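Chain residues, written in single-letter form:
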Amino acid sequence: MHTPNDRRYSGDIERLRSPQRMALMEVERVVDLVLAGLTAQSALDVGTGSGLFAEHFAARGLTVAGVDLREDMLEAARQYVPTGDFRQGRMEAVPFDDAAFDLVFLGHVLHEADDLVGALREARRTARMRVVVLEWPHRAQDYGPPLDHRLTPEQVAAAALEAGLPQFEQIDLTHLVLYRLNLG
């Protein structure tokens, strides 16, 4: 059993944008898949970190916002995306209004949730069209979190269903897995 906060990223900001990590992330491909078939104009990046995905959503013309626990991460995100609305908060208690965003994106953060269903319920609450989860696959790798911190597709699917997100689509990427959860 995990205790609260024991799975949270505690590393530095530079590591989040290291060339090695960027190669694993397939950022442009991920953004393409996140936005595919969607006419989104706004996105919330939950667990925004340094604002990497918020930056790429903004480059595609979306109004962006982000949530993170760490103020140092939020400061970095504000530097990379000066037009973004970045707020401190937990993924289980997002500090934005109901249906405030067309898209809610959780990139490499859901496995850190203290309450998996609660985090997805909050994403559902703040989304109008789609919730997307980018995660590490449930297999041992030389990078990313340890296996016991990773989520299985079955865990994500069950939590999504319980959170009111029954439309579940899994897309396996080279190093990651993307879950698209469309709102009915």
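See above for the structure.
Summarised in this report is the structure supplied together with it. Keep in mind it's a predicted model, so treat the numbers as computed, not measured. (Residues numbered from 1 in each chain as written. Predicted model: local features only at pLDDT ≥ 70, side-chain atom pairs only at ≥ 80, totals over all residues. Heavy atoms only, no water.)

1. Topic: the nonpolar core
Piece 1. Ranked by size, the top nonpolar core spans 30 residues in total, and within it Leu44, Val104, Leu106, Leu110, Leu120 and Val131 carry the most contacts.
Piece 2. In terms of residue count, helix H6 (residues 116-126) provides more of this core than any other element does, four residues in total.
Piece 3. Not counting residues up to four positions away in its chain, the partners in contact with Val131 are Val104, Leu106, Ala123, Arg124, Leu165, Tyr179, Arg180, Leu181 and Leu183.
Piece 4. Val34, Ala40, Leu62 and Trp136 belong to the second-largest nonpolar core, a separate cluster that totals 29 residues. (Core = buried A, V, L, I, M, F, W, Y, C linked by side-chain atoms within 4.5 Å. Buried < 20%, exposed > 50% of the residue type's maximum accessible area, 1.4 Å probe, protein only. Helix = DSSP H or I, 4+ residues; strand = E, 2+ residues; numbered from the N terminus. Contact = heavy atoms within 4.5 Å.)

2. Overview of the packing of aromatic side chains
Piece 1. Summed over the entire model, instances satisfying the criterion amount to five aromatic pairs.
Piece 2. Ring geometry for Phe57 and Phe105: centres 5.5 Å apart, planes at 75°, overall edge-to-face. Here Phe105 lies in strand S4 (residues 101-107) and Phe57 lies in helix H4 (residues 52-59), a separation of 48 residues in the sequence. The same class applies to Phe57 and to Phe105, which are both buried.
Piece 3. Where Phe96 meets Phe101, the ring centres are 5.1 Å apart and the plane angle is 80°; that geometry is what we call edge-to-face. Judged on exposure class, the residue Phe96 and its partner Phe101 are both buried.
Piece 4. Put simply, the rings of Phe53, Phe57 and Phe105 touch in pairs and so form one group of aromatic residues. (Phe/Tyr/Trp six-rings, centres within 6.5 Å; stacked < 30°, edge-to-face > 60°.)

3. So, the packing of H6 against helix H7 (residues 153-162)
Piece 1. Running from N to C, H6 and H7 point in directions that differ by 55°, and their axes come no closer than 8 Å. Regarding the angle of H6 to H7, the classification is oblique. Note on packing geometry: the crossing formed by H6 with H7 is right-handed. Where H6 abuts H7, its residues Leu116, Val117, Leu120 and Arg121 lie against Gln155, Val156, Ala159, Ala160 and Glu162.
Piece 2. Looking at the contact of H6 with H7 residue by residue, the class counts come to six nonpolar, one polar and two charged. (Axes fitted to C-alpha atoms, helices over the stretch in contact; angles between N-to-C directions. Parallel < 35°, antiparallel > 145°, perpendicular 65-115°, else oblique. Left-handed = near helix turned anticlockwise from the far one by under 90°. Nonpolar A, V, L, I, M, F, W, Y, C, P; charged D, E, K, R; others polar.)

4. Digging into the sheet that holds strand S6 (residues 167-172)
Piece 1. In spatial order, the strands read S3-S2-S1-S4-S5-S7-S6; together these seven strands make up an open sheet with mixed pairing. What marks the edges here is a single partner per strand, and that holds for strand S3 (85-88) and S6. For this sheet, the mean angle separating the axes of adjacent strands, direction not counted, is 15°.
Piece 2. With four bridges connecting them, strand S1 (residues 42-46) and S4 associate as parallel partners. When the bridges of S4 are listed, Leu44 appears paired with Val104.
Piece 3. Packing against the sheet, helix H3 (residues 27-35) makes contact with S4, strand S5 (127-135), S6 and strand S7 (177-182), and its axis sits at approximately 150° to S5.
Piece 4. Of the strands in this sheet, strand S2 (63-68) and S3 are in contact with helix H5 (residues 71-80), which crosses S3 at around 175°. (Pairing = 2+ DSSP bridges.)

5. Digging into H3
Piece 1. Three or more residues of H3 are buried, namely Val27, Val30, Val31, Leu33, Val34 and Leu35.
Piece 2. Residues of H3 that are buried in the fold lie against helix H2 (19-25), H4, S4, S5, S6 and S7.
Piece 3. The first or second residue beyond H3 is Gly37, which carries a positive phi of 70°.

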